Amino acid sequence: MTDVDIQTLAKVNYYLRENYVRHAQNTIHEGLQKYGNDPVLRFFNAFVCILEDRVQEGMRELETLKEIREVMVCSLLALLHAHRLSDSVDREAVDMLDARLKKERKVANEKGLYYAALFLYHTSRHDKAREYVDRMLKIDPENSQGNALKGWVELASGKDIKKAGKHFEDSLIAESTKNLDGFFGKARFLEKKHNYSGALETLNQAVVTFSNFTPTLIEKMKIQVALQTWEDATETAQRALSKDPRCIEAKKFQLLYCIAREGHLEAAEEKMRDITQDVDMLEPKNAQLYYEIGRVFSRLVGRNQKLLQLTFELIERATQLENRSAEYMTELGFQHLLQGKHKEALKCYRAAMRLDETSVQALMGQIRVQILEGQLEEAEQQLTFLKEVQATIGKSAELCYLGAVLGLKKKLAHEMVIPSFNEAIETHFATLRGLPLGDRYYYQLNPDFLICLVKDYLNLAPGQPNVSGETLSPVLKKCSAVLDPIARLVPGLTEGLYLMAKVKFLIGDADSAQASLKHCLDQDETYADAHLLLAQLNMQRGDFETANQLLEVALSHNFAIREHPIYHLIRARAQKRQGNVSEAIKTLQVAMALPGVKRLGSGKSKASARDIEQISVNDRVTVFLELADAHRQLGHNPEAANVVQNALNEFKDTPEEVRIMIANADLALAREDVEEALSMLRNITQEQPYYIEAREKMAYIYLHHRKDKRLYASCYRELVEKNPTPQTSLLLGDAYMSIQEPERAIEVYEQALQKNPRDSTLASKIGQALVQTHNYGKAINYYEKALQTGSKNYLRYDLADLLLKLRQFERAEKELEIALKREAPSSALQEMQEEVKCLVLLAKVHYKSGSLDRAITTLAKAREMQIRVLNRVQVEQPDALPAAKQLAANICVEIAEHATSCRDFDKAIKFYKEALLYKDNNSKIMLALANLYLSLEDLDSCLQTCTTLLKNDKDNNDATVMMADLMFRKNEFETSTFHFQQLLERSPCHYDALSRMIQLLRRIGKLGDAVHYLEMAQQSSPRTSSDPGFNYCKGFYSWYTGDANAALKHFNMARRDTEWGDKALFNMIEICLNPDNNTIGGETFESVDAEASSGDADQMALKTASKLIQELKVKPGDVRPQILHDHLLIATKDKSNIERALQSFMQICSTEGYREHVAALHGMATAYMILKQTPRARNQLKLVAKKRWTFDDAEELEKSWLLLADIYIQSGKYDMSTDLLKRCLEHNKSCSKAYEYMGYIMEKESSYKDAAKNYEAAWTYSNKHNPAIGYKLAFNYLKAKRFVDAIDICRQVLEGHPSYPKIRKDILEKARASLRV
């Protein structure tokens, strides 16, 4: 048979391994119909009959098979097995069979030994199975089936699973990868080794090889679940169902996904009924299957009564099929317990005890019922007995939990109960280690148990949110750690999300709490407790209107919450915050009258459609304290004191009594009675709960009310002396840090670290304290030593961050590469998040060290990993989603910024847009994108982005500046000016807007109007004159008006500033290189410029420029410093320097992204002109002339157009020159040099009136500072016979420049003489 059809026996083996007995039988019957009376199939048919408790039928079949050589040994073994299962064992028959077996197994062939070993494996007799299969492999070592079976035997025994892997490999090699048992075995082996990717690869091979074999898809689906690739698993389940519409495993997965991942409980009802019908039809005798399905899903449905009824029916069927099983009966009791049927549960637990007196689970179930029923004495006796025998039965999480709950019920001190909760948590999670995610994992995870544990544990947690800077309660830390896997793995469990939100709220993480509540309400908008908590959260933020709305929403979904004190407590708090204290008192009095506040009760209405969370002792105390505070606010001091006294009486000898005392001290503090407050707090002794909180409150009073740092620190020292724990040491160290005594903090941290050498948090704090003392060398040594002791990886991140700040780039890179080194790709979410963090820091290291390409590559890796993190976080940690999106956006923005510096603008736009997908309407990102559009002259896109931004934030100053810039570029000068005016009237000292306004006014020819805005800024604040931003703007104005010395003075006052310094430096260098704003390389005015220049002054200016260039902070991708340096070389007029500059410009233009860089092309043209290579210069400038005007390149374009116009003038092409000059004036109506050239052309054409007109404009826009222009203007006035105007201009020139050559003799005297005539 197996030679003909390798799948049939593999399918039988698979179903028997997975305990699908009836599936195996159906496969056998199909095989028998196909292959006739195959002895192997008949043997397995008999075996299945025995497994289904049809022992006699199976034995009859085996009697007919024991004479067939191939199945003789396995038939004898099966008969012996069947006889032992019978109610009355036939000893004589057993002896005869045993004797026959001893004889036959000695002479059995390899097939006989194989089937015998296979039978023994399926009956869990692994040692015997190994003995038979070893004999078989001695006969035929390369037998594929034998090697596969040997692997399964070794895997099941667990003694040496490495051998199992080798045998599975041999089974696949031996039969050219056609052995299904080998495929399944290898996948299971890799799964045991936690190599899920390898297991998936193996199963993919099996799926391809056996495309119609459904079990391969089932196993693949299970591995995909283990990998948490839920979408892939869903697809595989669908494929399995397309081949087998009644595939139970695929339907189980769909049900799991529906409940655990999506939380669609109504849809889950139908799916569970469907599975139950399939099991009834396909596996009606499989008690184990009913049991496993029922127990897993009952722990995932969050006490949903309809689904619990269905799981109860499954367990009930299991107990009916095997009514002697104590395990099944115990589970039936638990199902009753989940439905709140305590009496029925107790009956089942007692029945289980009768079936098995040693059943610990049944006994613990009884104890649980007794505690719920208030039978605490009986429960305590039973628990004491169980704890005594715990050494023999092993640690039990439930036992520890029951002990903790009993302690709560008996009102034991917190310190006595907390260890039991912690032990329960540690023991519970220890059982999950090494388990792949799947049915068994979810059963062991037992979310229902963890939810109960957290709800009880939270009774020991603070009732109010943690304030920033306060020590976080260890209870909240533990609860958060417990709920984290539930939120990740069972995000469909609404109560789990609610509790996570509550814990986050108490921790003080309001954003995470809100995200969890949103997820919770998305799944079930009728969840009243979530609405109540969301109302509390909004009230804490001061949004009382929203809080009240949420209360009304909660009331609409569950009218019974009016009878819950929390509803009235939230309403009262909102009313108090809104000033309606009298209404708050009435509301709190209603709350006080409800059951459960003054005396502990249920606090719930019987009519409630949903179980509303019961009021805790903490909240009961809060109702009293809020009422007392409300009375105090209205001056009802006797009533306030009466309420506090009632609270003290009500909660006397409870842990909350101390909290009332602390609150009483707060009331005294509010009355400014500091001494009374301190006296109350001093009365709280070390043995009492909230002792640490009381001492922290005393410390706060000493620091903030008494201003006494010595007594402040002494409170924490006393804590350490009386309660020397890591937590109190941490508090003392943090206290020293808060009063700026890091040296003493380090001493405390180091003492604490000696007691707990592997505490990475302490190590990190010591490192941070050393950095704060500027002891960087010691901090580095400390981090390195801590890492050698095996501290956590985030210390390596801290070390790398410190090395980066110290500019030790190579060492920082090395540390981060060690942190990122992984043997296998990160799969745990926390590891992935740490990897992203390290990659982002590594990118900064590369960027700072000047390796921009490596920085971009590293950021791309960080982005890919963060996308994976986002996919996981939105399901596993929805509360962390906002932070994860923010990080993803930051990464995209950094990539975009680097791409911009590399002039890869398309890439920059792409990543800015991607960043906006993560942080919608983020003003900074939108502004950066709009700025990029603006620099690319994509004005429509820029306008759209700015409009959206201003719609969201109409007072966004930066967006207003950009909108004004945009209007200017669109030649809408009035609109642009209006935007700037509006902004500067609102914020006169918005220097970015002011500097842009000056540039705008210059370009529209109204630079004189800038004086008004400079005066407005100066009058707005007495400190304006020394402000770097103001001086930067004043420098701009002076530069544009031709006063280079004043411009240098003002820019110099701004050059040390972090915001304005770089910009000021660039401008100062430009001025030093060309103080008179000449056309460098131009020949038209060369002789005039030479006459005006002073050799010593020029050399001094060049030396100053050289020093300033050295001060520039060179950023990767920024070529401006290099271009300025090259212009400095040109300015020396030395041929070798000019050639060096020319080579540098050429190198810039040959770099990708800078091929048509305007400044570099202009530099090349300037160099060529000075080297008297005019044609080459003209070719470069023609390239520039073809480019569109952009604001970023405006100055360089203007210089290039002027130089090209100069060349055309020299060659007599006045028309072409005039076109270029008009283009200059179109974009800068204050360009005095363009007017000067225009005047020169008109003068050459003897059009003296027009020449005078242009020279007049040049003289005006140079602010009458340039005597050469004044000379030309006076000369053309003389030629145009405007003698008075000529004399006036001569006087203006001579007033500023008394020694200016020739103007007196050439023009002034001639003009006067002409007037006399």
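See the structure printed just above.
Residues numbered from 1 in each chain as written. Predicted model: local features only at pLDDT ≥ 70, side-chain atom pairs only at ≥ 80, totals over all residues. Heavy atoms only, no water.

**Quick look at the packing of aromatic side chains**
What describes a pair of aromatic rings is the distance from one ring centre to the other and the angle between the planes of the rings. Quick note on the threshold: Between rings of Phe, Tyr and Trp, where Trp is taken as its six-membered ring, a pair exists when centres lie within 6.5 Å; planes separated by under 30 degrees are stacked, by over 60 edge-to-face, and by other angles tilted. Only runs of H or I of at least four residues qualify as helices and only runs of E of at least two qualify as strands under DSSP, and these elements are numbered from the N terminus. Exposure categories follow from relative accessible area, calculated using a 1.4 Å probe and restricted to protein chains: below 20% of the type maximum is buried, above 50% is exposed, and the middle band is partly exposed.
Scanning the entire structure with this criterion turns up 29 aromatic pairs. Look at Phe253 and Tyr257: their rings are 6.1 Å apart centre to centre, the planes differ by 40°, and that puts the pair in the tilted class. Pair noted here: Phe253 and Tyr257 are both in helix H15 (residues 248-262), with a separation of four residues, about one helical turn. For Tyr257, a relative accessible area of 21% gives the class partly exposed. Between Phe421 and Tyr457, the aromatic rings sit 4.5 Å apart at their centres with planes inclined by 15°, giving stacked as the arrangement. You can see Phe421 sitting in helix H25 (residues 414-430) and its partner Tyr457 sitting in helix H27 (residues 447-457), a full 36 residues away along the chain.

**A word on the packing of helix H14 (residues 230-243) against H15**
Rules: Every angle, taken between N-to-C directions, lies between 0 and 180 degrees, and every axis is a line fitted to C-alpha atoms, over only the stretch in contact when it is a helix. Each crossing gets its hand from how the near helix is turned against the far one by less than a right angle, where anticlockwise is left-handed and clockwise is right-handed. Contact between two residues is taken to exist if any of their heavy atoms lie within 4.5 Å; hydrogens are not considered. Here the nonpolar group is Ala, Val, Leu, Ile, Met, Phe, Trp, Tyr, Cys and Pro; Asp, Glu, Lys and Arg are the charged ones; every other residue, Gly included, is treated as polar.
Packing of H14 against H15 leaves a shortest axis separation of 9 Å and a crossing angle of 145°. The handedness of the crossing between H14 and H15 is left-handed. On H15, the residues touching Trp230, Ala233, Thr234, Ala237, Gln238, Ala240 and Leu241 of H14 are Ala250, Lys251, Phe253, Gln254, Tyr257 and Arg261. Classifying every residue of the contact of H14 with H15 by side-chain character gives eight nonpolar, three polar and two charged.

**A look at the nonpolar core**
Heads up, the condition is: The term nonpolar core refers to a set of buried residues drawn from Ala, Val, Leu, Ile, Met, Phe, Trp, Tyr and Cys, joined through side-chain atoms within 4.5 Å.
One finds Phe43, Phe44, Tyr132, Tyr401, Tyr442, Leu458 and Val490 to be the most contacted residues of the largest nonpolar core, which totals 232 residues. Here Tyr442 is in contact with Trp230, Leu256, Ala260, Val296, Leu300, Leu437, Pro447, Leu489 and Val490, once residues within four sequence places are set aside. Listed in part, the 120 residues of the second largest apolar core include Ala1010, Cys1072, Ile1148 and Met1238.

**Let's talk about the pattern of salt bridges**
Using the following cut-off: The salt bridge definition used is simple: a Lys or Arg side-chain nitrogen within 4 Å of an Asp or Glu carboxyl oxygen.
With the rule as written, the count across this model stands at 54 salt bridges. Arg246 is the partner of Asp278 in a salt bridge, and the nearest nitrogen-oxygen pair spans 2.5 Å. With Asp278 in helix H16 (residues 265-282) and Arg246 in the loop between H14 and H15, the pair connects residues that are 32 residues apart, well separated along the chain. On the basis of relative accessibility, which here comes to 0%, the residue Asp278 falls in the buried class. In this structure Arg246 comes out as partly exposed when scored by relative accessible area, which is 35%. Here Glu269 ties to Arg273 by a salt bridge, and the two come within 3.9 Å at their closest N and O atoms.

**Observations regarding the environment of Phe980**
Considering the arrangement of structural elements, one finds Phe980 in helix H54 (residues 973-986). Apart from residues no more than four positions distant in its own chain, Phe980 is found in contact with Val961, Ala964, Asp965, Ala993, Arg996, Met997 and Leu1000.

**Thoughts on a positive patch on the surface**
To keep things clear, this is the line we draw: Patch definition: residues with relative accessible area over 30% and no salt bridge; like charges joined within 9 Å; nonpolar side chains (Val, Leu, Ile, Met, Phe, Trp, Tyr) joined within 5 Å. In short, Shrake-Rupley with a 1.4 Å probe defines the accessible areas, and a residue's cover is counted only from the protein chains shown. We treat Lys and Arg as the positive residues and Asp and Glu as the negative residues; His and chain ends play no part in the count. The location of each charge is read from NZ of Lys, CZ of Arg, CG of Asp or CD of Glu.
A surface patch of positive charge is lined by Arg807, Lys844, Lys848, Lys1113 and Lys1115. As for its position among the elements, Lys848 is in helix H47 (residues 829-848).

**Section: helix H21 (residues 360-372)**
Residues three or four positions apart in an α-helix share a direction because the helix packs 3.6 residues into each turn. Here is the rule: A helix is expected to span 1.5 Å multiplied by its residue count minus one. Pairs of N or O atoms within 3.5 Å make up the polar contacts considered here, provided that, within protein, one atom can donate a hydrogen while the other can accept it, and that residues adjacent in sequence are counted only when both atoms are side-chain atoms.
Along its 13 residues, H21 runs 18 Å from first to last C-alpha, staying within 8% of the 18 Å computed at 1.5 Å per residue. Among the 13 residues of H21, 10 are classified as buried, and the element is accordingly described as predominantly covered. Of the positions making up H21, those classed as buried are Ala362, Leu363, Met364, Gly365, Gln366, Ile367, Arg368, Val369, Gln370 and Ile371. In this structure, the buried side of H21 is in contact with helix H19 (326-338), helix H20 (342-355), helix H22 (376-388), helix H24 (397-409) and H27. Two or three places before Ala362, at the opening of H21, Ser359 has a side-chain oxygen 3.3 Å from that residue's backbone nitrogen. Just downstream of H21 lies Gly374, where phi reads positive at about 80°.

**Brief notes about the environment of Leu1202**
Among the secondary structure elements, Leu1202 is positioned in helix H66 (residues 1194-1210). Beyond its immediate stretch of four places on either side in the chain, Leu1202 contacts Thr1079, Leu1221, Cys1224, Cys1231, Lys1233, Ala1234 and Tyr1237.

**Focus: helix H30 (residues 510-523)**
When the terminal C-alpha atoms of H30 are compared, their 20 Å separation across 14 residues agrees well with the 20 Å that a helix rising 1.5 Å per residue should span. All buried positions along H30 are accounted for by Ala510, Ser512, Ala513, Ala515, Ser516, Leu517, His519, Cys520 and Leu521.

**Focus on the packing of helix H55 (residues 991-1003) against helix H57 (residues 1028-1040)**
The criterion, for reference: Orientation categories follow fixed angle ranges, with anything under 35 degrees roughly parallel, anything over 145 roughly antiparallel, 65 to 115 roughly perpendicular, and all other angles oblique.
Between H55 and H57, whose axes approach to 9 Å, the crossing angle comes to 10°. In terms of orientation, H55 and H57 fall into the roughly parallel class. Along its contact with H55, which presents Tyr991, Leu994, Ser995, Ile998, Gln999 and Arg1002, the element H57 presents Gly1029, Phe1030, Tyr1032, Cys1033, Phe1036, Tyr1037 and Tyr1040. When its residues are assigned to classes, the contact of H55 with H57 shows nine nonpolar, three polar and one charged.

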